[in-house]
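Examination of the molecular architecture
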Amino acid sequence: MKLEGAVLRNLLARRRRAEWIFKIAASGALLFALGTLGVLLLDVLRDGLGWLDWDFLTHFPSRKPEQAGILSALAGTFYLMILTILIAFPLGVGAAIYLEEYAKKHWFSRIVEVNIANLAGVPSVIYGLLGLELFVRTMGLGRSLIAGALTMALLVLPIIIIAAREAIRTVPNPIREASYALGASRWQTVWHQVLPVAFPGMLTGSILAFSRAIGEASPLITLGALTYIAFLPDGLTSPFTVIPIQIFNWVSRPQKAFLNCAAAAILVMLAILLAMNAVAVFLRHRTQRRMTL
Amino acid sequence: MTPATVETQEELTQAFAIQGLNSWYGSFHALKGVSMTIPEKRVTAIIGPSGCGKSTLIRCLNRINDLIPGFRVEGQIAFKGQNLYDPALDPIQVRLQIGMVFQKPNPFPKSIYDNVAFGPRLCGEKDRSKLDAIVEESLRKAALWGEVKEKLKQSALALSGGQQQRLCIARTLAVGPEVLLLDEPCSALDPIATAKIEELLMDLKKSYTVVLVTHNMQQAARASDYTGFMLLGELVEFALTAKIFTNPTNSRTEAYITGRFG
């Protein structure tokens, strides 16, 4: 078929038009997402930036908005995260190692796999209810830091298992074969060959999971974490609060000025999230460099 | 050394005696009644077209195929009189005696030194000076020492493909095996690197039993003393290399080595 003159010009013009429409639609989608985020950020910055100072970070919450700070929530978030990481990371990595390196691939491991993927999609409130029943009541831990950390660990565990399994799967099989061929046992192969290669990948996946958990308020509210705490947690069984709960508490106050406190707390939250994600990106970058060396 | 052409199998000590070996991947029947004896301190080559079972056979010899789900084996493999598939025998012990080098160079993403020291360390060797000696000796045996002695702490992944494969050989020798299994060790290498490995094999067979699986008939003809030809899971013919390549008994062997199929 040979196209000439007006027919060809017409065809090309139509294609250019389709090209143009698609480009506009795609960039429109991006602009919408960025725009919403930008408006949110601007709003929060306008309300909160003026309130965000050293005093805000080092003061306990107060009935007077001018004196209110997030020290107890900041400390609570910090302790809760450390505990959650200490509980969830070893458990998740252990489960992933079992599923990838030890479990025989048959119907049982399939069922476990499907269920882990499902658990990752369960709403966080449900985990809160589970934590309330299991840790707070049955195990008698009360509304304590450790009960909160255990609940948060359950919440992120499926995501960590999935991330760790993905990381383990990126370890090339010839590496395992070489290790076994040199007389290594399964555990020696996992410890000396699989984990060093997979570890940074596990870490980045897990940090993303933890940074999601850090912003969760609902499971902890269900659990009964307190919203007003004027002291620092002094042990595993101490009552606690976290930044998202503090924000939730402030926005539900009638006084307008507490909205500024909430906005400032959101800024602190965003800074923490940004820092955690930066660590994840840094670790990923460092691994890639080491692997291609 | 006596030229391979005048040797007969009876004069040599047997390393492996394989009797009626059958194996399956799931329902796929990969090896069909293979019987052969592999002599000690010689290079035995296994040739045949892709998918003929030659890799499966060699991977039975150090039980590395145990790791593949659904793999099953029947029949007998004796290594110096010991049944390799004896349930009481730990496969780890088998693999310490019978080392293996794979098709694609697969160094660990560690330093050259740590690659070679990996095996001895697994066996509990912690003494630094002993490890140093093992690493040097193994790299020398693999004809790599001169090229890497200045950069033992560098990543093994920075070496060329041919150097990586010789590092894999060194790493295997460091464990102190009696047998070296090589599964198409040169298929990912250029001709110069290949020539170096073949030269190395000539040297290694003085102290090790070598079993070489290869795609490359010229390589088998150049580097081996005995050759087995496999087709569709069966061992068609097994004899002195010179005989296989000049005067094969079986017409299928002749068709393959003259390039009429495969």
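Heads up: these notes are all about the structure in this document. In this text the structure is predicted, and so the values were computed from the model without any measurement.

1. Quick notes on a nonpolar patch on the surface
All names here are of chain A. Where nonpolar side chains cluster on the molecular surface, the patch consists of L41, L42, L45, L49, L52 and L270 and spans about 500 Å² of accessible area. The dominant element in the nonpolar patch, judged by the number of residues it contributes, is helix α1 (residues 5-48), at three residues. By secondary structure assignment, the location of L41 is in helix α1.

2. Observations concerning the pairing of strand β6 (residues 98-101) of chain B
Residues and elements named next belong to chain B. Side chains I98 and M100 of β6 all project onto a buried face; the interleaved residues G99 and V101 project onto the opposite face, where all are buried too. Note that β6 and strand β7 (residues 179-183) share four bridges and pair parallel. When the sheet's bridge partners are listed, G99 is paired in β7 with L180.

3. With respect to the sheet that holds strand β1 (residues 14-25) of chain B
All names here are of chain B. Reading across the sheet, the four strands line up as β2-β1-β4-β5 and stay open at both edges, with antiparallel pairing between neighbours. If you trace the sheet from one side to the other, it starts and ends with β2 (28-39) and β5 (82-83), each paired once. Across eight bridges, the pairing between β1 and strand β4 (residues 71-79) is antiparallel. Note that in β4 the partner of Q19 across the bridge is Q76.

4. Quick notes on the packing of helix α6 (residues 145-169) of chain A against helix α8 (residues 186-214) of chain A
When two helices pack together, their arrangement is given by the angle between the helix axes and by the axis-to-axis distance. Residues and elements named next belong to chain A. Contact geometry of α6 with α8 gives a least axis separation of 8 Å together with a crossing angle of 145°. Here the hand of the crossing between α6 and α8 comes out right-handed. For the pair α6 and α8, the contacting residues are M152, L155, V156, I159, I160, A163, A164, A167 and I168 in the first and V194, A198, G201, M202, G205, S206, A209, F210, R212 and A213 in the second.

5. Concerning the interface of chain A and chain B
It is common to report an interface's size as the accessible area lost on association of the parts. Counting from both sides, the interface comprises 18 residues of chain A and, opposite them, 22 residues of chain B. Note on chain A versus chain B: buried area summed over both sides is about 1,800 Å², and carbon and sulfur give 68% of it. At the boundary of chain A with chain B, the tally comes to one salt bridge. Summed over the shared surface of chain A and chain B, the number is three residue pairs in polar contact (both at pLDDT 80 or more). Contributions of two or more residues to the side of chain A that touches chain B are made by α7 (173-181) and α8 of chain A.

6. Structural notes on the packing of aromatic side chains
For the coordinates displayed, the defined rule picks out ten aromatic pairs over all chains. With centroids separated by 5.9 Å and ring planes inclined at 85°, the aromatic side chains of F89 of chain A and F199 of chain A adopt a geometry described as edge-to-face. In this pair, F89 of chain A sits in helix α3 (residues 71-102) while F199 of chain A sits in helix α8, placing the two residues 110 residues apart along the sequence. With a relative accessible area of 13%, F89 of chain A lands in the buried category. Consider the rings of Y226 of chain B and F238 of chain B, whose centres lie 6.2 Å apart with planes at 35°: the pair is tilted. Separated by twelve residues along the polypeptide, Y226 of chain B in strand β9 (residues 226-231) and F238 of chain B in strand β10 (residues 234-240) bring together distant segments of the chain. The pair formed by Y226 of chain B and F238 of chain B is uniform in burial state, with each residue classed as buried. In this structure, R72 of chain B packs its charged tip against the face of W24 of chain B, placed 4.4 Å from the ring centre.

Procedures and definitions
- Residues numbered from 1 in each chain as written.
- Chains lettered and ligands numbered in written order.
- Predicted model: local features only at pLDDT ≥ 70, side-chain atom pairs only at ≥ 80, totals over all residues.
- Heavy atoms only, no water.
- Patch = residues over 30% accessible without salt bridge, like charges linked within 9 Å, V, L, I, M, F, W, Y side chains within 5 Å.
- Areas by Shrake-Rupley, 256 points an atom, 1.4 Å probe, with all protein chains shown as cover.
- Salt bridge = Lys/Arg side-chain N within 4 Å of Asp/Glu carboxyl O.
- Helix = DSSP H or I, 4+ residues; strand = E, 2+ residues; numbered from the N terminus.
- Buried < 20%, exposed > 50% of the residue type's maximum accessible area, 1.4 Å probe, protein only.
- Pairing = 2+ DSSP bridges.
- Axes fitted to C-alpha atoms, helices over the stretch in contact; angles between N-to-C directions.
- Left-handed = near helix turned anticlockwise from the far one by under 90°.
- Contact = heavy atoms within 4.5 Å.
- Buried area = accessible area lost by both parts, 1.4 Å probe.
- Polar contact = N/O pair within 3.5 Å; in protein donor to acceptor, adjacent residues only side chain to side chain.
- Phe/Tyr/Trp six-rings, centres within 6.5 Å; stacked < 30°, edge-to-face > 60°.
- Lys NZ or Arg CZ within 6 Å of the ring centre and 35° of its normal.

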